[in-house]
Every structure is written in C-alpha cells, then in structure tokens.
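# Per-entry structural report
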Amino acid sequence: MSIPPSGFRSLPISKILIVLTATIPLISSLASIKYLYYLSLSPFISEYQQYWRILSSQISFINESEVLLAVVLLYQFRAVERFISSYRYLSMITVFWCYNSLLITLLIGTDLYLNRLGLFIPVDKFPSGPFAIITGLYAIYKAYIPVTYTFDIYHTENYKITLNDQILVNLLTLQLTLSQGWCSIWTGFMGYTVAWLVINGVLPGLKWRIPFYKDLSALLLNKTTSTEGAQTVALSNGAADSTTFANRAVSPNDEDDDRNNIMNRDEDEDPAETRPLASQFLDTFRR
Amino acid sequence: MNHVNLTPSQRQTLTQYLSIVQSSDTQEALAILESTHWNLETALISHYETTPHANDRLNLISNSTSSQRNAVNDNVPSQAEASTFPGGFPGMSSSNIEREAINPAANNTTRSFSDVIQRYLPFLSSIDITSNIRNSDFATLETQSKVIYIIQWIIYVPVLITYQVSSILFVILVKCFPIIRRLAQNRLGRKSEPTGLNPVQTANEFISSFQRYYDRTGELDWFEGGYSNALYVAKRDARFLLCYLHSAEHDDADEFVKEILLNEQFKLLLKEHNVLLWAGDVEKSEGYQASNALEIMKYPSLVLLSLKTSTQETPSGTTTSSPKLSVVSRIQGLIPTEKVIRRLKTQIDKLQPTLITIRTERQQAELSRMIRQQQDQAYQESLAKDQARETAKQEELLKQQRKKGWLEWKLSQMKPECTTPGQFSRIAVRLPSGARIQRCFSKNEETLEDIYTWVELNLQELIAGNEPLQAIDSNVSGPAGSIEYQFGFNLNSIMPRVKIDCDATVPIGQCNGVSPNGNLVVEMLYQ
C-alpha cells in the first residue's frame, strides 16, 4: 500500500480548497443564500438577465452528499498538488474555471439564440457546484499519478477484472458526476474533456501561471514565519530545562533565512542523542 | 444390501444423503434413513447430532465457505446464504448449489470457491457453464434459487449491455476520429504500470534523460538500479545514500537541478564522502512509491539516508543497538544551494564517524572470519591426513592377518613328505640366511607353487626344515575371499641359472630345473 503521507504539510491549495468546499455550503445554508448558486435558462437568464449566475453557480455544491464526495476527492487529489507544485495546481484550476465559464456562456448564448428562434433548447439546466473543476482535476490525476499496484477480482479460468489502486478515485468521481443526473453528467464530461485537451496541449493554458503569486505567497509566508519564531521562543522560555526545547529554540534562527521552506518545517534528525526530560529523570533514579 | 428394494425416490435420497455427509457407509445411511422414514432433513440432523466430529467439520466448512462468499460479494451471496441456509443449517433443501458448496470445500477450497462463483455469477464464468445452467440445471433449481438467479440476471444485464455498448461506441469513435488514438497514445506512453517493469531499466531511462536535458558531462554518478537495491547497497557498504525524487511536471524541477544538483560544491561533497546517489522519477511507479515511503511532501527533494546506531541508557549500562538505515535529512522543495549543502554537510560530518566505525567493525569481523576460516581449513587438512594414516595402518594390519591366515591354511593343506621311491624329487633350497633346507616333493601331485609355499613357510618361520614349529590346526578354514598371495622372492636353480616360475598348474615332474633333483637359491625381491 503506497499512499501519500497524510495531512496537508506544504500543500496549502488543497487545504484551502477543502476548507472552502466544506464551509461555503454550510455558511450559505445558514445564511439562506443557497438560491444564489442555481442556474437555469428559463427564469434566471432569459427573464431576469442574471448573468453573474454563470460564475456563482460554480462556487458551491448544494447537497451534502456532493460536498462529502468532493472533499474526499480533493483530499485524494492532494497527490496532484504535490506532483505539480501548488503554484501550478492553482493556475490549472484557474484555467479550468475560465474555460468552463466560457463554455457555459457559449452554451447559454446558443440557448438564448435558439429560444428566440423558438427552437428546441438542448441544455436548459446547469448543476450547482464545481463539477467541471473536480473532473478536470481527476483528468490531471489520471494523467500524472502512476498506478502503484493492480489486482484481480473474480478470477475464474476465463474471466477476471483487473483493477488498480486508483479505483476509489474513479468510483467516487463517477458517483459525483452522476449525482445530479443528466446536467451534472455532461458538465463533468465537459470539465474532463477541457482538462484533457489542456494537458495534451491542444488548448492553450498549460504554461500559464497566475501572476504575482510568488510575491503574494512570500508576503503571507513572511508573516507566518515571524509568528512561529515567536512561539518557539516563548516555549523555550517556558521550559528551559528540556534539551529538546532548547534545541528547537536554536533551530529557527538556523532556518530563518529560508522563507520558502518554513511551512514544511524540514525535520533534520538530530544525530546527537537527546533524551527526553522524563527519561533523564528516570535514568537518574535507575542507577 | 437391500439396495434393490428401494424406489427411485428413495435411491435418490440415499445418494443425496451420502454425498452430503461424505460417507460411503450405505448400511448406516440406510439405517438412519429408515428410522427417519426417508426424510432427508431429519436424517441429516440426527446424523450430525449423533456424530460430533462430523458436526465439527461441518461448522468449519460452512464458516469457510460463507466467509469466502462474503469476501466475493456482500450482496448476492448473503442473500443466497440466507435463502438456502435457513437457520444456518445446510441440507434443509437438497439443491445442487449447496452440495457444490460443501463438497469441494472439504478437499479443495479454491475449486469450490470458483464453483460457487460460477454458480452465482453467470456472466463471470465461461458461456458453456451458463448455458448448461440455463438448459438443464435451471429447471431443477429450487424456487428460491430461481428467484436469486433471475435477480442476478436483472442486476448483471444492464452492466453487461453498458459495457458492450460503450466498447462498441469507443471503437467507432476511434475509427472516425484518428486524433483520439494519437492523443490516447501520447497519454498512455507517459504512464507507467507497475507490472513487468525492470527497475534497472527505469533507472537507466531516467539517467539518460537527465543527462540529455541537464547534465551533458555526466558528472553525477547515479546508481543504476531500483530503490530497494540502492538501500541494500548502502547498507552493505555502510555508505550514505542520497535519494533524489524528480518530478518533471513540477515547476521547481529545472531550477532545483540546475542550482543544486549541478553545483560544483555539491558534486564535490558527494565525491568526497562517497555518497550513493539514487534518483526516482515520481511519474514512474517505483519513484512514486519511494517518495511515499520516504514521506516526501514536496517535490523535488533530496533525502539523505544513513546507517545509524542509537545508544540507550539501561540499568545495566549503555547499550548500542545494531545499525539501522534511517532518514537523517529531508530537503523538500527549492532551498538556497548554500543551505542545502550546509545541511547535508552537517549531517554527513556528524554521522561519518559512525559509518567509519561500522565499516571498521565489519572489516575486523571479516578479517577474524577469514582467520577463523583459515584455521578451520588447516585443522581439517591435518585431520584428514591423520585419518588417512590411520586407515592405511589398519589396512596394512588386515593384510598381514590375511596373509598369515592364508599361510596357516596352506600349512594345514600341505601334503606329508613323499617317501615313495621314484615318485619324489628332492629339492634343496639355500635361504638368504645361509641355512639349507631340504624336502622331498611328490612329482605328480605337487606343483611348483607348493615349493614356493614351503619356502615362504620356512622364511616366515612357521616350519623349520620339514618340522612344523607349531601344532598344525587342521580346522583352519580357507582364506576369506580369494587372495592373490604375493611371494616376496624368486626361486632360481643354480646351474644353469633359470627362474622357476610360481605356477600352480605345472606339476614338479614336468619342470626340468627341479626334477628329479633341484638345487635352488632364494632371491629376495625388494620393492
């Protein structure tokens, strides 16, 4: 079994995405503003001209089951963020978002045109939630993350099904895509296709990066560094006896010149043997 | 045997009973069935109640089969179990399915496993089995089994249809738009499957691509082999192992390689401390697994591994554990080069003494092992020599004994001196000691070999002249086995000097040198 290390150390984008995916629906339902996320042609666009719904409908899921599935999937997709760096991950999500919004806009435009002509409208309803982005991330996952192991089930003489370790992600994505029926199916398919075309270089956007990201992140990291240093010093003052704390109090000064790296708090093991305080006491009495 | 009196239904019940309890004891079966009025269920219950070992085996089998089925599929088999095993007891109904489930489970669980699957999952088995069931067995199934079977059809048909339709659609799509195939190949070529991949080949691929893109001079000495192999080598040679995890898609990868890996100071550090350098591409399965095992959170990264001992204070003193390969430094993501080198250098400097100690210990152990081996070898050689000498001595002794036995036997076989006039020839022999012995031999009955024997007996001092020195034991048995007695001398006649052959076929009378009178000398042979 080979799974990426648990947790979000040095994976800020996945963390933020998961927190947002879980909290935005909660806050929206508490504040009763879920209606903002609905998008369908007939009343909102054709009558009320609420074009901002094209963007807002991609913000939040409205069913708890979809939220759950999306959170699990985003947690699995943290391997992608580790793989292609946070910066590129965020850039790609942004690219997918733009393409999907563009496509939805085009579809709605076509719909309006057809509506004016009085013809059949192929796409009337749009799902609430970032289905297209999740399936886009799924496409990256399938493209980059290698298969760790495969296994067979139902192994009779003539027939077997070979599955691999990515079966969980596949099934969850399928379930999420099926969850709102036809409209979520085609949206998911659209997101997957867009991502696939981007990854394979058919659509532009693979090399695009969010501008000023480095400056922003440096600004943010600078802040966290100073707070962490202060914490450690406070701790070391509180327990001056312990050798471990003393060691840690020394190390931040060592690490301070490295702004990028403070988030993952590189752990060099101390080769010199340091015994915890408790065992030092115990050893004293054992002799 | 009142087999013949049974009605067909009774005979069928008997067969079923025997196959369920796996016994061939017809008499007992008949007795039980008679007592239960040919009710199969009651008969089975009474059988399992009266024989505890059968009951135990039944429990064992039903446990194993039910667990297997649950492992296969949670839904369908549990339904089937609930319906065919009401109350958890088999044999309530006599359908084929449960007999199939019980019988082979006893001797071959895997076979029964697949049998069960074939019964319950019609689409997963070969077509002929399904058609068999459909044609012949389906009619014989119980109502409950029929229901289950139909439910399975209802579940599996949509899946099967979807699978077939989608595969046909995909084929058509690919035929219509060849660009899909090109894109798919492009994508598939990048992906690696874990099966059948040679780690050495993967490593070589990485090294060649690395040298093509970054390091044209090839100064970095990568280890050509898999991750576990690298671990093994590092452990065996007590070297530092530096793992580099490369992600070509990562934004920092190029900069990391150019700034850190191709840095002159970095190369010097590696060369100076003889660091083993292994690289894993995380696009490949092995590199990905290695990065997970090393708990890397951020690519690209360098991980320094080294053998490490940990000392522990115990009441009985300080104990040092055996050296273990452990991660001593993780460099994750892009870090300024000086800092990377400083951190690696710190760790290497701190652990270098440990490694040197381990290496020295191993060398000493190796040396002492060699010395011990040499000593062992010398001891074995001398032992073998002694043993050979001992064996030779014993063989010599045995030979002596056999010779002596043969001589004694010959002595007992020797004919008395011939005194009949005209029938004997007088033979005189001068021994090497100067003594002269004389004897009359029969011309026809005794051969030239007898002369040799007589001389030998004299030389061995078993007889002096013609008188035996010891009492002749007439019961001496012949020599064990046939021995070819080697006389240590030749007999020659004096004038003219002719060798008398030791021949057991030539009577004395036919040899001119000794008949009628022979005057011989003994010529000792020295080998």
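Residues numbered from 1 in each chain as written. Chains lettered and ligands numbered in written order. Predicted model: local features only at pLDDT ≥ 70, side-chain atom pairs only at ≥ 80, totals over all residues. Heavy atoms only, no water.

Quick look at the overall build of chain B now. A tally of helices and strands in chain B yields 17 helices and 13 strands. A burial count over chain B gives 40% of its 527 residues as buried. Working note: accessible area of chain B is about 29800 Å², and carbon and sulfur atoms make up 53% of it. (Helix = DSSP H or I, 4+ residues; strand = E, 2+ residues; numbered from the N terminus. Buried < 20%, exposed > 50% of the residue type's maximum accessible area, 1.4 Å probe, protein only. Areas by Shrake-Rupley, 256 points an atom, 1.4 Å probe, with all protein chains shown as cover.)

Time to look at the packing of helix α16 (residues 337-413) of chain B against helix α17 (residues 448-459) of chain B. Residue and element names in this part refer to chain B. The geometry of α16 relative to α17 is characterised by a closest axis approach of 11 Å and an angle of 115 degrees between their N-to-C directions. Between α16 and α17 the crossing geometry is left-handed. Within the contact between the two elements, α16 uses W406, L407, K410 and L411 and α17 uses E449, T453, E456 and L457. Counted by class, the contact of α16 with α17 contains four nonpolar, one polar and three charged residues. (Axes fitted to C-alpha atoms, helices over the stretch in contact; angles between N-to-C directions. Left-handed = near helix turned anticlockwise from the far one by under 90°. Contact = heavy atoms within 4.5 Å. Nonpolar A, V, L, I, M, F, W, Y, C, P; charged D, E, K, R; others polar.)

Okay, the pattern of salt bridges next. With the rule as written, the count across this model stands at seven salt bridges over all chains. For the salt bridge of E249(B) with R88(A), the shortest nitrogen-to-oxygen distance reads 3.0 Å. One end of the pair, E249(B), is in the loop between β1 (241-246) and α13 (253-261); the other, R88(A), is in helix α6 (residues 86-117), on a second chain. There is no split in this pair, since E249(B) and R88(A) are both buried. With its nearest N and O atoms 3.4 Å apart, the salt bridge here joins E219(B) to K267(B). Of this pair, E219(B) sits in the loop between α11 (199-213) and α12 (227-237) while K267(B) sits in helix α14 (residues 264-272), and the two are 48 residues apart along the sequence. For E219(B), a relative accessible area of 38% gives the class partly exposed. (Salt bridge = Lys/Arg side-chain N within 4 Å of Asp/Glu carboxyl O.)

This brings us to unusual backbone geometry. Along the chain, Y299(B) connects to P300(B) via a cis peptide bond; the corresponding omega equals -20 degrees. For P300(B), the location among the structural elements is in the loop between α15 (285-293) and β3 (301-308). Here the phi dihedral of S10(A) falls at roughly 55 degrees; this positive angle occurs in a residue that is not glycine. Among the structural elements, S10(A) can be located in the segment before α1 (12-31).

With that settled, the discussion passes to the nonpolar core. Most often, soluble globular proteins have nonpolar side chains that are buried together. If you look at the biggest cluster of nonpolar residues, it comprises 73 residues, and the most contacted ones within it are F77(A), Y89(A), I108(A), W278(B) and L294(B). It is helix α7 (residues 131-144) of chain A that contributes the most residues to this core, eleven residues altogether. Leave out the neighbours within four places in its chain, and W278(B) touches W222(B), F223(B), G225(B), G226(B), Y227(B), A230(B), L241(B), L242(B), C243(B), Y244(B), L245(B) and A290(B). (Core = buried A, V, L, I, M, F, W, Y, C linked by side-chain atoms within 4.5 Å.)

Take the packing of aromatic side chains next. Scanning the model with the defined rule gives 19 aromatic pairs over all chains in all. Aromatic pair F8(A) and Y75(A): ring centres 5.5 Å apart, planes at 80 degrees, arrangement edge-to-face. Residue F8(A) is found in the segment before α1, and its partner Y75(A) is found in helix α4 (residues 64-76); the two are separated by 67 residues along the sequence. Centroid distance F83(A) to Y299(B): 6.3 Å. Interplanar angle 90 degrees. Geometry classified as edge-to-face. Of this pair, F83(A) sits in helix α5 (residues 78-84) while Y299(B) is found in the loop between α15 and β3, placing the two residues in two different chains. In this pair, the class of F83(A) matches that of Y299(B), namely buried. Through a chain of ring-to-ring contacts, the aromatic side chains of F206(B), F210(B), Y213(B), Y214(B), W222(B), Y244(B) and F256(B) assemble into a single cluster. Above the plane of the ring of Y213(B) lies R212(B), whose end atom (NZ or CZ) is 5.8 Å from the centre. When the ring centre of F441(B) is taken as origin, the NZ or CZ atom of R439(B), which lies over that ring, is 4.8 Å away. (Phe/Tyr/Trp six-rings, centres within 6.5 Å; stacked < 30°, edge-to-face > 60°. Lys NZ or Arg CZ within 6 Å of the ring centre and 35° of its normal.)

On to the sheet that holds strand β2 (residues 276-281) of chain B, then. Residues and elements named next belong to chain B. On the basis of which strands lie adjacent, the open sheet formed by four strands has the order β2-β1-β3-β6 and mixed pairing. Looking along the sheet, the strands with just one partner apiece sit at the ends: β2 and β6 (324-332). Strand-to-strand, the axes of this sheet are offset by a mean angle of 25 degrees, without reference to chain direction. The pairing of β3 with β6 spans eight bridges and is antiparallel. Across the sheet, L307 pairs through a bridge with L325, a residue of β6. Against the sheet, α12 engages β1, β2, β3 and β6, with an angle of about 165 degrees to β2. α15 rests against β1 and β2 of the sheet, and its axis sits at about 110 degrees to β2. (Pairing = 2+ DSSP bridges.)

Residue and element names in this part refer to chain A. Per the UniProt annotation, the sites labelled "transmembrane region" (unreviewed entry) are residues 16-38, 58-77, 89-109 and 185-206. For residues 16-38, helix accounts for 70% and strand for 0%, while the C-alpha atoms at its two ends are 24 Å apart. The span residues 89-109 carries 100% helix and 0% strand; its end-to-end C-alpha distance comes to 30 Å. (UniProt positions renumbered as here; feature names shortened; annotations may be inferred.)

All names here are of chain B. Together, D254, E255, E259 and E338 make up a negatively charged patch on the protein surface. Top contributing element to the negative patch by residue count: α13, with three residues. Here E255 lies in helix α13. Relative accessible area serves as the criterion here: at 41%, E255 is assigned to the partly exposed category. (Patch = residues over 30% accessible without salt bridge, like charges linked within 9 Å, V, L, I, M, F, W, Y side chains within 5 Å. Lys, Arg positive; Asp, Glu negative; His and termini not counted. Charge placed at Lys NZ, Arg CZ, Asp CG, Glu CD.)

Residues and elements named next belong to chain B. Looking at chain B as a whole, its pLDDT mean stands at 76, while 75% of the residues score no less than 70. Least confident of the elements in chain B is helix α5 (residues 76-84), whose mean pLDDT is 39; most confident is β1, at 92. Note that pLDDT drops below 50 for residues 69-114; the model gives that stretch 69 contacts with residues more than four away or on any other chain. Contacts from residues 120-135, a stretch scored under 50 in pLDDT, to residues over four places away or in other chains number 31 contacts. Both scores are given for the predicted complex: the pTM is 0.58, the ipTM 0.75. (pLDDT = per-residue confidence, 0-100.)

So, on to helix α9 (residues 182-199) of chain A. All names here are of chain A. Here α9 spans 26 Å end to end across 18 residues, near enough to the 26 Å set by a 1.5 Å rise per residue. Regarding α9, the residues found buried are C183, S184, W186, T187, G188, M190, G191, V194, A195, W196, V198 and I199. Immediately downstream of α9, the backbone of G201 shows phi near 80 degrees, a positive value. (Expected span 1.5 Å × (residues − 1).)

A few words on the packing of α1(A) against α6(A). Each packed pair of helices is defined by two parameters, the angle between the axes and the distance between the axes. Residue and element names in this part refer to chain A. Orientation of α1 relative to α6, taken along the N-to-C sense of each, is 45 degrees, at an axis distance of 8 Å. Classed by the angle they form, the pair α1 and α6 counts as oblique. For the pair α1 and α6, the contacting residues are P12, I13, S14 and L17 in the first and S86, Y89, L90 and I93 in the second. Looking at the contact of α1 with α6 residue by residue, the class counts come to six nonpolar, two polar and no charged. (Parallel < 35°, antiparallel > 145°, perpendicular 65-115°, else oblique.)

Attention now goes to the environment of T110(A). All names here are of chain A. Take T110: it is sitting in helix α6. Owing to a relative accessible area of 41%, T110 belongs among the partly exposed residues under this scheme. Side-chain polar atoms of T110 contact the backbone oxygen of L106, separated by 2.6 Å. (Polar contact = N/O pair within 3.5 Å; in protein donor to acceptor, adjacent residues only side chain to side chain.)

Quick look at the environment of S326(B) now. Residues and elements named next belong to chain B. Looking at the element boundaries, S326 is found in strand β6. On the accessibility criterion, S326 (21% relative accessible area) is partly exposed. In this structure, S326 is in contact with L304, L305, S306 and K308, ignoring residues within four places of it in sequence.

Right, let's get into the confidence of the model for chain A. All names here are of chain A. When the pLDDT values of chain A are averaged, the result is 78; 75% of them are 70 or greater. Element-level pLDDT for chain A is lowest in helix α11 (residues 243-255), with a mean of 38, against a maximum mean of 94 in α7. Note on residues 226-266: pLDDT is under 50 here. Beyond four places in sequence and across chains, it has 46 contacts.

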